[in-house]
Amino acid sequence: MTSMLLRINYPEMALDRYASLLPPELLHELTTLAQELKGRRFVHANSTAAGGGVAEILQSLVPLMNSLGVATERVVVSPTEPRFFQITKRIHNLLQGAEGSLSPEELEVYFRCIGEVAEDIQERALAADVWFLHDPQLLPLASLLPKQVAELRYWVCHIDLTAPNPQVLDALAPLTGHYDGLVFSLPDFVPPGLNGHPPVSIVPPSIDPLTAKNTPLSRVEAQQIVAAMGIDPARPLITQVSRFDYWKDPWGVIDAYRQARRSAPGLQLALLGLSQAADDPEALDVLNSVREHAAGDPDIHTYFYPVDLPDSIDRIVNAFQTASLVVMQKSTREGFGLTVAEAMWKGRAVIGGNVGGIRSQIEDGVNGYLVDSPEECGRRIVELLQNPDLRESIGQAARERVRQQFLLPRLALDYLRAARAGLAQLPPRYTNGANGANGVNGANGTNGHHPTAFDQLEQLHIPAPQANPV
Ligand code: UDP
C-alpha cells in the first residue's frame, strides 16, 4: 500500500520565548500540567500538511507540546483515492449549511478511504495514549480502528456547525459516539442531542505570536513587501487574507470595497489566498468567479499562485496585515478565523462577518466590528479610514484581547486539560500509561529521541521557523 501517512518532524523550540507574552498564572498551570502528563504519547492527525487554519495551528502546537516535555507526534493522513478530498470538501460545506445531500456512493468512498487509513495504522502498529483527530475528514476513524483499552481518542471539529445540513449531520453524528471526547471551538457548535456523551470540551483556536507571520514587521518593511506585490504604498489599502472559499465571501468584500471607494478614492483591495490547502479542491473555481466579479478593476489585487514571491508567504501575510488600514474577514460561516486574531494581534482594526468564531474574537465596537452585510462592511470601512484615532484605539484593544485569550500556550493548556480529564477516567492500572510510567507507546517524556513505530513513517522535515527580529 502506498503510504497515506506522513510524519512531520519539527525542530525544537524554546518555551521560555513565550513567557514575556503571557499571563504568569497561565504559564505556571501549563508547565505543571505538562509535568503531570510527561511520559504520555500524544498524536495530532489531520489531512493537510499546509494551508488553512488547522495546519497553521498544528505546526506551532506540536513543537510547543514537545518543548513542554509531552511527546507529541504530528501525522498527516492523505488517502490516495482522488475523490476523497472532493467528497470531504462537500461534507465540510454541507456541515456548514450548504444545501444538497450526500449520495450513498459518496459515503461509501469516504468510509472506504478512512477504513484503509485505519488498516494502515494497525499494520504499522502506531499507538499513542491520546489521539486528537482533526476535522470531518478523519471523523470515521475511531469507528474503524479497534480501540485499545488505555488509548483515548478525541475528535476536534474546527468548522462552523451553527446551521448544519440536517441529512448530513444525522448521517455523521453517530460517529462521534466512538470517541472518548469531542472538542469544538464554540459552545454554539455543539450539535444538540449528544447528551453529554462523549464529553465535550470547548477549545477556541489561537495564534502563535512567535512565527514570522505574527512577530512585528516595521511599517516600512511591510510597505516594501506589499509594494513588491504590486500595491501602491502611497494609497490606502484594505485586505482580506483567506483561502479562496465560498464561505469567506470574497464577493461581499469586493462589494464593500466598491462602496467604500466612493468616499475613499484611490482605495486598494488585496485578497490574499496564497496558501491553499491540499484537501481543498474548490479554490480555483472560487478564484475565477471572484476575478470575474472584480471586472478588471486594477486596484483589486487577487493573489493565488505562490510563484515569484518577494518573500516567504508568512512574511507576505504579515506585511499585508501590517500595511493595511483595515483588515476584513467577511465570512458567512467561520469555525474560528485565525486571520482575525492575526490581524488583531498586529493592532489592526478588523471588520468581521457576524458569525461563528469571529463573534468569539471581536466584541463589536470595542475591539473591532461585526457586520451582517456588504453595505454595513462598506460603511465601517469608511468610518475607520476617516478616523485614525478610532483605528488606533480599536487596534490597541484588539491586541490586548488576543494577548489575553488567543495565544498558543492557552490552546496547549486546553488540550492538556481535556486529555487529563479523559485519562482520569481510565481504569486505575492505566493511570500511569499502559506500559507503566512510559505510556502505551513508550514515550520517555524527554526531548531525547526514543524510537517508536512513528519513526517508520515517511518523514517531512520542517525547517526551524524564522521569526522577524524584534
Ligand atoms: N493563510 C496564509 N496565506 C494565505 C492565506 C491564508 O498563510 O495566503 C493562512 C492565514 O494566515 C491563517 C490560515 O491560513 O493562518 C487560515 O486560517 P483560518 O482559521 O483563518 O481559516 P481556514 O483556512 O482554516 O478556514
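Residues numbered from 1 in each chain as written. Predicted model: local features only at pLDDT ≥ 70, side-chain atom pairs only at ≥ 80, totals over all residues.

Enquirer: I'm lost on the overall build of the protein chain in this one. Help?
Expert: Broken down by element type, the protein chain carries 15 helices and 14 strands. The globule rule puts the C-alpha radius of gyration for 470 residues at 23 Å, and the 22 Å found for the protein chain is close to it. Once the C-alpha set of the protein chain is aligned to its principal axes, its extents read approximately 70 × 50 × 40 Å. Per-residue burial over the protein chain gives 49% buried out of 470 residues. (Helix = DSSP H or I, 4+ residues; strand = E, 2+ residues; numbered from the N terminus. Rg over C-alpha atoms; globule rule 2.2 N^0.38 Å. Buried ≥ 20, exposed ≤ 12 C-beta atoms within 10 Å, placed from the backbone.)

Enquirer: What is the right way to read the packing of helix 3 (residues 84-95) against helix 4 (residues 104-123) from this model?
Expert: At a minimum axis separation of 10 Å, helix 3 and helix 4 run at an interaxial angle of 115 degrees. Comparing the axis directions of helix 3 and helix 4 gives the class roughly perpendicular. The hand of the helix 3/helix 4 crossing is left-handed. Residue-level inspection shows F84, I87 and T88 of helix 3 in contact with helix 4, the latter providing E106, V109, Y110 and C113. Partitioned by chemical class, the residues of the contact of helix 3 with helix 4 number five nonpolar, one polar and one charged. (Axes fitted to C-alpha atoms, helices over the stretch in contact; angles between N-to-C directions. Parallel < 35°, antiparallel > 145°, perpendicular 65-115°, else oblique. Left-handed = near helix turned anticlockwise from the far one by under 90°. Contact = placed C-beta atoms within 7 Å. Nonpolar A, V, L, I, M, F, W, Y, C, P; charged D, E, K, R; others polar.)

Enquirer: Honestly, the pairing of strand 3 (residues 71-77) in this entry has me stumped. Any pointers?
Expert: Strand residues, when the strand is regular, have side chains that alternate between the two faces of the sheet. Strand 3 sits mainly inside the fold: seven of its seven residues count as buried. The alternating pattern of strand 3 places A71, E73, V75 and V77 on one face and T72, R74 and V76 on the opposite face, and all of these are buried. The sheet contact formed by strand 1 (residues 5-9) and strand 3 spans four bridges and is antiparallel. Bridge pairing in strand 3 places I8 opposite R74. Relative to strand 3, strand 2 (residues 41-46) is paired through six bridges, and the arrangement is parallel. Of the residues in strand 3, the one forming a bridge with F42 is T72. Traced from strand 2 through helix 2 (residues 53-67) to strand 3, the parallel crossover comes out right-handed. (Pairing = 2+ DSSP bridges. Right-handed = clockwise from strand over helix to strand, strands pointing away.)

Enquirer: Can you walk me through the confidence of the model for the protein chain in this structure?
Expert: Averaged over all residues, the pLDDT of the protein chain is 93; the fraction at 70 or higher stands at 94%. Contacts from residues 434-438, a stretch scored under 50 in pLDDT, to residues over four places away or in other chains number 10 contacts. (pLDDT = per-residue confidence, 0-100.)

Enquirer: Before we go on, may I ask you to explain the nonpolar core in this structure?
Expert: As a rule of thumb, soluble globular proteins bury nonpolar side chains together. In this structure, L133, Y154 and A412 are the most contacted members of the largest nonpolar core, which totals 130 residues. When we break this core down by domain, the ones giving at least three residues each are domain 1 (5-206 + 408-459) and domain 2 (219-405). Those residues in contact with L133 that lie beyond four places of it in its chain are A45, L138, L141, A142, R153, Y154, W155 and V156. (Core = buried A, V, L, I, M, F, W, Y, C linked by C-beta atoms within 7 Å. Domains from an automatic or database assignment.)

Enquirer: What is the right way to look at the site of the ligand in this model?
Expert: Looking at the ligand, there are 18 residues lining it, with G52, G53, L274, S275 and L338 nearest. Among the elements of the structure, helix 2, helix 10 (313-323) and helix 11 (338-345) are those that each provide at least two residues to the shell around the ligand. Looking at the shell around the ligand, the element that brings in the most residues is helix 11, giving three residues. Broken down by class, the residue content of the shell around the ligand amounts to seven nonpolar, seven polar and four charged. Shared between two domains, the shell around the ligand holds at least three residues of each, these being domain 1 (5-206 + 408-459) and domain 2 (219-405). (Near = placed C-beta within 6 Å.)

Enquirer: I'm lost on the sheet that holds strand 14 (residues 458-461) in this one. Help?
Expert: Taken together, the eight strands give an open sheet; going across it, the order is 7-6-5-4-2-3-1-14, and neighbouring strands pair in mixed fashion. Two strands bound the open sheet, and with one partner strand each, they are strand 7 (200-202) and strand 14. Pairwise comparison of adjacent strand axes, ignoring direction, gives a mean angle of 25 degrees for this sheet.

Enquirer: Explain the domain arrangement of the protein chain here, please?
Expert: Interface size is commonly expressed as the accessible surface area that is lost when the partners come together. Its domain assignment divides the protein chain into domain 1 (5-206 + 408-459) and domain 2 (219-405). Inter-centroid distance (C-alpha atoms) of domain 1 to domain 2 is 30 Å. At the interface, 28 residues of domain 1 touch 22 residues of domain 2. Only helix 2 and helix 3 provide two or more residues apiece to the side of domain 1 that touches domain 2. By residue number, the principal contributor to the side of domain 1 that touches domain 2 is helix 3, which donates four residues. Classifying every residue of the side of domain 1 that touches domain 2 gives nine nonpolar, 15 polar and four charged.

Enquirer: Would you mind showing me how to read helix 13 (residues 374-386) here?
Expert: At 3.6 residues per turn, the α-helix brings residues three or four places apart onto the same side. Taking 1.5 Å per residue as the helical rise, helix 13 with its 13 residues ought to reach 18 Å, and the 18 Å between its terminal C-alpha atoms agrees with that figure. At its buried positions, helix 13 is contacted by strand 8 (237-241), helix 8 (250-263), strand 11 (326-329), strand 12 (349-353), strand 13 (369-371) and helix 14 (388-405). (Expected span 1.5 Å × (residues − 1).)

Enquirer: What am I meant to see in the sheet that holds strand 12 here?
Expert: The strands making up a sheet associate through hydrogen bonds between their backbones, and the pairing can be parallel or antiparallel. Read from one edge of the open sheet, six strands run 10-9-8-11-12-13, paired in parallel fashion. At either end of the open sheet lies a strand with only one pairing partner, and these are strand 10 (300-303) and strand 13. Across the sheet, the mean angle separating the axes of adjacent strands is 20 degrees when strand polarity is ignored. Judged from the four bridges that link them, strand 11 and strand 12 form a sheet pairing that is parallel. Residue Q329 lies in a different strand from strand 12, and its bridge partner there is G352.

Enquirer: What is the right way to read the environment of D308 from this model?
Expert: With respect to the helices and strands, D308 occurs in the loop between strand 10 and helix 10. The class for D308 is exposed, based on 6 C-beta atoms found within 10 Å. In sequence terms D308 and V286 are 22 residues apart; their C-alpha atoms lie 22 Å from each other.

Enquirer: What's the story with the packing of helix 11 against helix 14 in this structure? I'm lost.
Expert: To characterise two packed helices, one gives the angle between the axes of the helices and the distance between these axes. Helix 14 packs onto helix 11 with a crossing angle of 120 degrees between their chain directions and a minimal axis gap of 7 Å. It follows from the interaxial angle that helix 11 and helix 14 lie oblique. You can see that helix 11 and helix 14 cross each other, and the crossing is left-handed. Here A341, M344 and W345 of helix 11 come into contact with helix 14, specifically with A398, R399, R401 and V402. A per-class count over the contact of helix 11 with helix 14 returns five nonpolar, no polar and two charged.

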